[in-house]
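Report on the structure
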Amino acid sequence: MTDTEARTARGEPDPLTPQTILWDIAGDRRLLLSLPAGFVLQVAHPAVGAGVDAYSVFRTDPWGRLDRSLESLQLWIYGGERAAEEGRRLRRLHRTINGTDTRGRPYHALTPACYAWVHATAYAVFLRAARYLARPLTPAESLRLYDELRQLGRILGINDRDMPENPEAYWAYFDAMVRDELEMTPVARELLDPRRPVPAPPGASAPVRLLWPVLHPPLTRLRVFVTVGLLPPVARDRLGLAWTPRDERLLRGFGAVLRTLFPLLPERVRYLPLGYAARRAAHPDRSRRRPRR
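Residues numbered from 1 in each chain as written. Predicted model: local features only at pLDDT ≥ 70, side-chain atom pairs only at ≥ 80, totals over all residues. Heavy atoms only, no water.

**Here's the deal with the packing of aromatic side chains**
- Taken as a whole, this structure holds 14 aromatic pairs when the rule is applied.
- Between Tyr123 and Tyr146, the ring centres sit 4.9 Å apart and the planes meet at 70°, which makes this aromatic pair edge-to-face. A residue pair is termed long-range when its members are at least 10 positions apart, and Tyr123 in helix H7 (residues 112-133) and Tyr146 in helix H8 (residues 139-155) qualify at 23 residues. We note that Tyr123, like Tyr146, is buried.
- Counting every residue linked through ring pairs, the aromatic cluster contains Trp117, Tyr123, Tyr146, Tyr170, Trp171, Tyr173 and Phe174.
- Note that Arg279 overlies the ring of Tyr271, its terminal NZ or CZ placed 4.0 Å from the centroid. (Phe/Tyr/Trp six-rings, centres within 6.5 Å; stacked < 30°, edge-to-face > 60°. Helix = DSSP H or I, 4+ residues; strand = E, 2+ residues; numbered from the N terminus. Buried < 20%, exposed > 50% of the residue type's maximum accessible area, 1.4 Å probe, protein only. Lys NZ or Arg CZ within 6 Å of the ring centre and 35° of its normal.)

What follows is the structure in structure tokens.
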């Protein structure tokens, strides 16, 4: 029995392949700049925000949480046969997460409306990040990306019926979620606070630890600035976040610098380790190519 036949017998979706757009963008280190915007969209949902507030260690172990989240995300895309198991592990992890949200409503992390929203935010953020930090996707690529994210949703245990069928339906769904559900939850407000204390990364060199009190404030301000800029305008407005024409010019300038300099780096630097290893295994000559700007 082939791997595909075995997956079919188990009722598992096929893993993503090196031909997908997600293989190009999910391991790109510029993703680190866009993840906070996705996280803000997620926790601005009252149920998701309440779950993160009560159960997450993002306050006590921010760097560890980031490392674990990145490893999990990389496994979804590049893990091959391990992707479905990682999806099952995540669902097991969320089984005990429940409580009452900021509106007094009971929630459970695996309620389809909540679990699907967390995944659905990726499409809006990927498109925004591509537009500002890399290269805008064409309409055909945007459609392909959405189909790939629906496939990824199946890997994560999200039923097709809980995700909009196509991008047109997605944007209607997204606008309705922003209008009817999202709010400035305590966790969202905390993530957008440039004064939020964050310790130096574990294992940082002695000079970095020594200079961290000086480095942390401007780095945090940059993170918050890029986070707000990468939020879709309708979400920014809903959360009451200011964004001026000058801010827009600054973000576009920052993106232009990144688009110019980032492709000059070798692929082992441009990509996170798991993504780099998977891409090298699939295309041994890939490291000599340059990414799309």
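**Here we look at helix H15 (residues 273-282)**
- Where H15 is concerned, the buried positions are Gly275, Tyr276, Ala278 and Arg279. One face of H15 carries all of its buried residues, which in axial projection span an arc of 165°. Facing away from the buried surface of H15 by more than 90 degrees, the exposed residues are Pro273 and Ala281.
- Buried residues along H15 sit against helix H2 (21-25), helix H5 (62-78) and helix H14 (267-270). (Arc of directions from axis to C-beta. Contact = heavy atoms within 4.5 Å.)

**Side note on the environment of Pro263**
- Looking at where Pro263 falls in the secondary structure, it is placed in the loop between helix H13 (245-261) and H14.
- For Pro263, a relative accessible area of 2% puts it in the buried group.
- Put simply, Pro263 and Val52 are 211 residues apart on the chain and 35 Å apart in space, counted from C-alpha to C-alpha.

**Regarding a nonpolar patch on the surface**
- There is a patch of nonpolar side chains on the surface, built from Leu210, Leu211, Leu215 and Leu219 and spanning about 390 Å² of accessible area.
- Within the secondary structure layout, Leu219 lies in helix H11 (residues 206-230).
- Take Leu219: its relative accessible area is 46%, and that puts it in the partly exposed class. (Patch = residues over 30% accessible without salt bridge, like charges linked within 9 Å, V, L, I, M, F, W, Y side chains within 5 Å. Areas by Shrake-Rupley, 256 points an atom, 1.4 Å probe, with all protein chains shown as cover. Salt bridge = Lys/Arg side-chain N within 4 Å of Asp/Glu carboxyl O.)

**Digging into the side chain of Glu267**
- Position of Glu267 relative to the elements: it lies in helix H14.
- Given a relative accessible area of 1%, Glu267 falls into the buried group.
- A polar contact of 2.6 Å, which involves the side chain of Glu267, links it to the side chain of Arg279. (Polar contact = N/O pair within 3.5 Å; in protein donor to acceptor, adjacent residues only side chain to side chain.)

**Comments concerning the packing of helix H3 (residues 31-43) against H7**
- Viewed as axis vectors pointing N to C, H3 and H7 meet at an angle of 140°, and their least axial separation amounts to 9 Å. Considering the angle they form, H3 stands oblique to H7. Viewed along their axes, H3 and H7 form a crossing whose handedness is right-handed. For the pair formed by H3 and H7, the contact residues are Leu31, Leu33, Ser34, Ala37, Gly38, Leu41 and Gln42 on the first element and Trp117, Val118, Thr121, Val125, Phe126, Ala129 and Leu133 on the second.
- Taken together, the residues of the contact of H3 with H7 break down into 10 nonpolar, four polar and no charged. (Axes fitted to C-alpha atoms, helices over the stretch in contact; angles between N-to-C directions. Parallel < 35°, antiparallel > 145°, perpendicular 65-115°, else oblique. Left-handed = near helix turned anticlockwise from the far one by under 90°. Nonpolar A, V, L, I, M, F, W, Y, C, P; charged D, E, K, R; others polar.)

**Topic: the nonpolar core**
- Within the largest apolar cluster, 75 residues are counted, with the highest numbers of intra-cluster contacts made by Ile77, Leu145 and Leu152.
- Residue contributions to this core peak at 15 residues, all from H7.
- Excluding residues within four positions of it along the chain, Leu145 makes contact with Ile21, Leu22, Ile25, Tyr123, Phe126, Leu127 and Leu137. (Core = buried A, V, L, I, M, F, W, Y, C linked by side-chain atoms within 4.5 Å.)

**What to know about the environment of Val57**
- Within the fold, Val57 resides in the loop between helix H4 (46-55) and H5.
- The class of Val57 is partly exposed, set by a relative accessible area of 34%.
- For Val57 and Glu183, which are 126 residues apart along the polypeptide, the C-alpha to C-alpha distance reads 22 Å.
- When residues no more than four places from it in sequence are discounted, the contact partners of Val57 are Pro62, Arg65 and Arg68.

**Section: the packing of H7 against H8**
- Relative orientation of the contacting elements H7 and H8 amounts to 155°, with a least axis distance of 10 Å. In terms of orientation, H7 lies roughly antiparallel with respect to H8. Classified by chirality, the crossing of H8 by H7 is right-handed. Contacts from His119, Ala122, Tyr123, Phe126 and Leu127 in H7 reach Ser142, Leu143, Leu145, Tyr146, Leu149, Leu152 and Gly153 in H8.

**Re the pattern of salt bridges**
- Here the structure, examined in full by the defined rule, presents 20 salt bridges.
- Among the ionic pairs, Arg68 bridges to Asp61, the shortest N-O distance being 3.2 Å.
- Owing to a relative accessible area of 46%, Arg68 belongs among the partly exposed residues under this scheme.
- When the shortest N-O distance is used, the salt bridge between Arg103 and Glu183 registers 3.0 Å. In this pair, Arg103 is assigned in the loop between strand S1 (98-100) and strand S2 (106-108) and Glu183 in the loop between helix H9 (167-180) and helix H10 (186-191), connecting sequence segments 80 residues apart.
- When its relative accessible area of 22% is taken as the criterion, Glu183 is described as partly exposed.

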